[in-house]
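So you can see what is in the structure, the chains are spelled out below.
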Amino acid sequence: MTENALPTPKPIIPICAAIHRPFAPLSYAFIRFCTGAIFIPHGVQKLSGGAAADKFVMALGLADPAPWAGAMGTIELVCGIMLALGLLTRPVALLLAVELLVMIFAVHIHNGFAWNSGGIQYPAMLLALCIAALFRGGGRYSLDRFIGKEF
Amino acid sequence: MTAIIDETCPSDGAKPIIPALAGFYRCAGPFSYAFVRIVTAALILPGGIEKLFYGGVYRIAAGNVVKAGFSEPLAWAWAVCILEFFGSLMLAAGLLTRPVAVAMAVEMAVITFRIHFGAGFFWADHGYEFALMLMLMCLAFAAGGGGRYSLDRLIGWEF
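As the structure is a computational prediction, the values presented were derived from the model and not from experiment. (Residues numbered from 1 in each chain as written. Chains lettered and ligands numbered in written order. Predicted model: local features only at pLDDT ≥ 70, side-chain atom pairs only at ≥ 80, totals over all residues.)

Peer 1: Would you take a moment to explain the overall build of chain A for this structure?
Peer 2: For chain A, the helix and strand inventory stands at seven helices and two strands. Mapped in sequence order, the helices and strands of chain A form the string β-α-α-α-α-α-α-α-β. Projected onto its principal axes, the C-alpha positions of chain A cover 60 × 35 × 30 Å. Counting across all 151 residues of chain A, residues that qualify as buried make up 42%. For chain A, long-range pairs separated by at least 24 residues make up 58% of all intrachain contacts whose partners lie at least 6 apart in sequence. (Helix = DSSP H or I, 4+ residues; strand = E, 2+ residues; numbered from the N terminus. Buried ≥ 20, exposed ≤ 12 C-beta atoms within 10 Å, placed from the backbone. Contact = placed C-beta atoms within 7 Å.)

The following block contains the structure:
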């Protein structure tokens, strides 16, 4: 499989290439880092405030939501940090994707599309980002690459 | 001139612990960046459709644009409307990816800091995290450009 079917486009404004050179290689790592980092406050929220802190966990309608909130909070905090650092990128992305799928089909899908009514818009985005990390792995700037082995 | 490392076209990888998965990674990996770009655009597009075809442009001109503190709210509302509709189509196709991504990042920054910031972080309370995430992704596209699967790459020129 050829890695470059087409060459990188030429910059219309040549000076722009000087700006692209340091930033373009960081693009994927930035996506992966932001995806992981955005889960961290949710993990902290569930672990410190319990199930009642997250109305979407309450919307699951569980008889005893506390242990579930604890498990989800732990997944979000630990996997969020690991995804941000690119450590075991694919397994943690898979775990977060499964959690998001459960939340989307158990809660958000009943609220429609728009994020500000609790719909699937935002969790679908996070799911897509986790799937992207599952496809791509850690990438160039990740602990997986530093270690030299990855799932 | 040294070539720009294109992270959207992964050519090197860490050794997979499960070797059987290497083929899947080699096939799926290159689509990752385009997938993020297309999904991000697809999630912004319904907002553009609502503003352009369902009167949303007048709704935001009377609401959020004023709340964000802009004078000439109708002009800014149209700018937002056009950016969200045509901009998200261009972002999905990877056409003029960087200029569109920069414009959208600015829009999302305004939405984050001028509209939702007061409601806190969490989206359950109408906080800013979704707008922030869209802003960060647009910044990533501004850095990375169209990538391997984009009209920019097909055309051979980009900003």
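Peer 1: Please clarify how the nonpolar core should be interpreted in this entry.
Peer 2: Note that soluble globular proteins tend to have their nonpolar side chains buried in a common cluster. Counting 72 residues, the largest nonpolar core has Leu129 and Cys130 of chain A together with Leu134, Met137 and Cys138 of chain B as its most contacted members. Considering each element in turn, this core owes the most residues, 14 residues, to helix α7 (residues 129-144) of chain B. Setting aside its immediate chain neighbours within four residues, leucine 129 of chain A contacts Ile31 and Thr35 of chain A together with Val36 of chain B. (Core = buried A, V, L, I, M, F, W, Y, C linked by C-beta atoms within 7 Å.)

Peer 1: Hey, could you run me through unusual backbone geometry in this one?
Peer 2: Among all residues except glycine, the phi angle is most often negative; among peptide bonds, the trans geometry is most common. Phi at leucine 88 of chain A takes a positive value of approximately 50 degrees, unusual for a residue other than glycine. Here leucine 88 of chain A shows up in the loop between α4 (65-85) and α5 (89-106). C-beta crowding within 10 Å serves as the criterion here: with 22 such atoms nearby, leucine 88 of chain A is assigned to the buried category. At leucine 96 of chain B, a residue that is not glycine, the phi angle is positive and equals roughly 50 degrees. One can find leucine 96 of chain B in the loop between α5 (73-93) and α6 (97-116). According to the C-beta neighbour criterion, leucine 96 of chain B is buried, with 22 such atoms within 10 Å.

Peer 1: Could you clarify how one ought to interpret the interface of chain A and chain B in this entry?
Peer 2: Accessible area lost on assembly of the parts is the figure often given for the size of an interface. Between chain A and chain B, the residue contacts involve 51 residues of the former and 50 residues of the latter. Broken down by secondary-structure element, the contributors of at least two residues to the side of chain A that touches chain B are β1 (10-11), α1 (16-23), α2 (27-49), α3 (55-58), α6 (121-136), α7 (143-147) and β2 (149-150) of chain A. Element by element, the count of residues in the side of chain A that touches chain B is highest for α6 of chain A, at nine residues. Here the residues of the side of chain A that touches chain B sort into 28 nonpolar, 12 polar and 11 charged. Here β1 of chain A runs beside strand β2 (residues 157-158) of chain B; their pairing, made up of two bridges, is parallel. Bridge pairing in β2 of chain B places proline 11 of chain A opposite glutamate 158 of chain B. (Nonpolar A, V, L, I, M, F, W, Y, C, P; charged D, E, K, R; others polar. Pairing = 2+ DSSP bridges.)

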